[in-house]
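As a plain string of letters, each chain reads:
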Amino acid sequence: MNRDKADVRRAVFTPVDTRARVDAVVRRLADAIELGLLADGEQLPGETDLAAQLGVSTVTLREALMALRQQGLVTTRRGRGGGTFVTLPDGPTEERLRARLADWSTEELRDLADHWAAVSGAAARLAAQRTEPDDLQPLRRTLDELTDAAEPSARSRICSRFHVELAAAAQSARLTREEVAIQTEVGTLMCLILDDDGYLMEVTDRHRAVISAVQDGAGERARALAEQGVQASLTRLIGLRLRSAGGARGLRPEEGSHGQQSPTRERGGSRS
């Protein structure tokens, strides 16, 4: 197994937080499955080994796997050749995605853009310092898959995987986990802008430029390119959010036409 792939898997199979451990295991594995870090049909480690890797008891792990089965994210087969296997979910409908986007204010999207750009930029800079040319094969394969992907849901999943693999190339478990967390928030929303073949070409060109900068050891160039790519995607999402603000869901009560919160109202509700 190549090092970048191993680094991604280590980030998935590291001990979870000590609080609410069943929920933490469910979230960790669900995020990895939905982002494509664990492949469709892939067999998970045995219960004893997986529990040890996640730092939980086998009882906790079994409860988490039961919850994942109920969500349709894993299936369990008994008997010879049995085990627990990943089941990749279908992508959400455009209606659900637009509703989810409407739950973000433009201010929140800009804040997310700043955070994501900081994480991805730092990952790209460190990757340029720490990787060898052969370590970039996973990123190149993912870029080829993105270029060939036809469905927006597949494109968004592969694009998310690219960002996580870039963080893994930085050889930082914390950055990788942070990138996974970001992708679970924004990754599926990318479906809304990656249905445009022209924009897909822009994204793949940016990703190719990041890989080239990392390979050249040009840390600052890699950082700037990664940050620019993130900001470009979030700018498109913000534009879509503003254009759809007058639709069925409308603006939030506390938002004006520019997405700014009114100083006289408290925010209500929660992001789904």
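Rules of the game
Residues numbered from 1 in each chain as written. Predicted model: local features only at pLDDT ≥ 70, side-chain atom pairs only at ≥ 80, totals over all residues. Heavy atoms only, no water. Core = buried A, V, L, I, M, F, W, Y, C linked by side-chain atoms within 4.5 Å. Buried < 20%, exposed > 50% of the residue type's maximum accessible area, 1.4 Å probe, protein only. Helix = DSSP H or I, 4+ residues; strand = E, 2+ residues; numbered from the N terminus. Contact = heavy atoms within 4.5 Å. Pairing = 2+ DSSP bridges. Salt bridge = Lys/Arg side-chain N within 4 Å of Asp/Glu carboxyl O. Polar contact = N/O pair within 3.5 Å; in protein donor to acceptor, adjacent residues only side chain to side chain. Axes fitted to C-alpha atoms, helices over the stretch in contact; angles between N-to-C directions. Parallel < 35°, antiparallel > 145°, perpendicular 65-115°, else oblique. Nonpolar A, V, L, I, M, F, W, Y, C, P; charged D, E, K, R; others polar.

S.K.: Go over the nonpolar core, please, and point to the residues and values.
M.R.: Within the largest apolar cluster, 35 residues are counted, with the highest numbers of intra-cluster contacts made by Leu 101, Val 186, Leu 189, Leu 194, Leu 234 and Leu 237. Put simply, the parts of the chain that give this core at least two residues each are helix H5 (94-102), helix H6 (106-130), helix H8 (152-169), helix H9 (173-186), helix H10 (197-215) and helix H11 (219-243). Broken down by element, the residue count for this core peaks at eight residues, all from H6. The contact partners of Leu 101, leaving out residues within four places of it in the chain, are Leu 109, Leu 189, Leu 192, Leu 237, Leu 240 and Arg 241. Among the nonpolar cores identified, the runner-up in size contains 30 residues, and Phe 13, Leu 38, Leu 44 and Leu 65 belong to it.

S.K.: Explain the environment of Leu 101 to me, using residue names and the numbers behind them.
M.R.: Here Leu 101 lies in helix H5. A C-alpha to C-alpha distance of 8.7 Å links Leu 101 and Leu 240, two positions 139 residues apart in sequence.

S.K.: Give me the lowdown on the environment of Arg 130, citing residues and values where you can.
M.R.: Along the chain, Arg 130 falls in helix H6. In the structure, Arg 130 is positioned 89 residues away from Gly 219 in sequence and 9.8 Å away in space, judged by C-alpha atoms.

S.K.: Any chance you could break down the pairing of strand S1 (residues 74-77) for me, citing the residues and the numbers?
M.R.: As paired strands, S1 and strand S2 (residues 83-86) are joined by four bridges and run antiparallel to one another. In the sheet register, Val 74 faces S2, and the bridge partner there is Val 86. Between S1 and S2, which follow one another and run antiparallel, lie five residues, and Gly 79 among them has a positive phi close to 85°.

S.K.: For the pattern of salt bridges, give the residues involved together with the corresponding values.
M.R.: Counting across every chain of the model gives 10 salt bridges. For Asp 196, the salt bridge is made with Arg 236, and the minimal N-O distance between the two is 3.5 Å. Taken together, the residues Asp 196 in the loop between H9 and H10 and Arg 236 in helix H11 connect sequence positions 40 residues apart. Relative accessible area serves as the criterion here: at 31%, Arg 236 is assigned to the partly exposed category. Across the pair Arg 221 and Asp 216 runs a salt bridge, and its minimum N-O distance is 3.1 Å. The class of Arg 221 is partly exposed, set by a relative accessible area of 38%. By sharing partners, the salt bridges in this structure join Glu 145, Arg 161 and Glu 165 into a single network.

S.K.: Which residues make up the side chain of Asp 135, and what are the values?
M.R.: If you trace the backbone, Asp 135 turns up in the loop between H6 and helix H7 (137-148). Note on Asp 135: relative accessible area 13%, which makes it buried. At 2.8 Å, the side chain of Asp 135 and the backbone nitrogen of Glu 132 are in polar contact.

S.K.: How would you explain the packing of H7 against H10 if you had to name every residue and give the values?
M.R.: Two elements in contact, H7 and H10, have axes separated by 10 Å at closest approach and are oriented at 170°. Classed by the angle they form, the pair H7 and H10 counts as roughly antiparallel. Each of Leu 139, Arg 140, Leu 143, Leu 146 and Thr 147 in H7 lies in contact with H10, whose residues at this interface are Leu 200, Val 203, Thr 204, His 207, Arg 208, Ile 211 and Gln 215. Looking at the contact of H7 with H10 residue by residue, the class counts come to six nonpolar, four polar and two charged.

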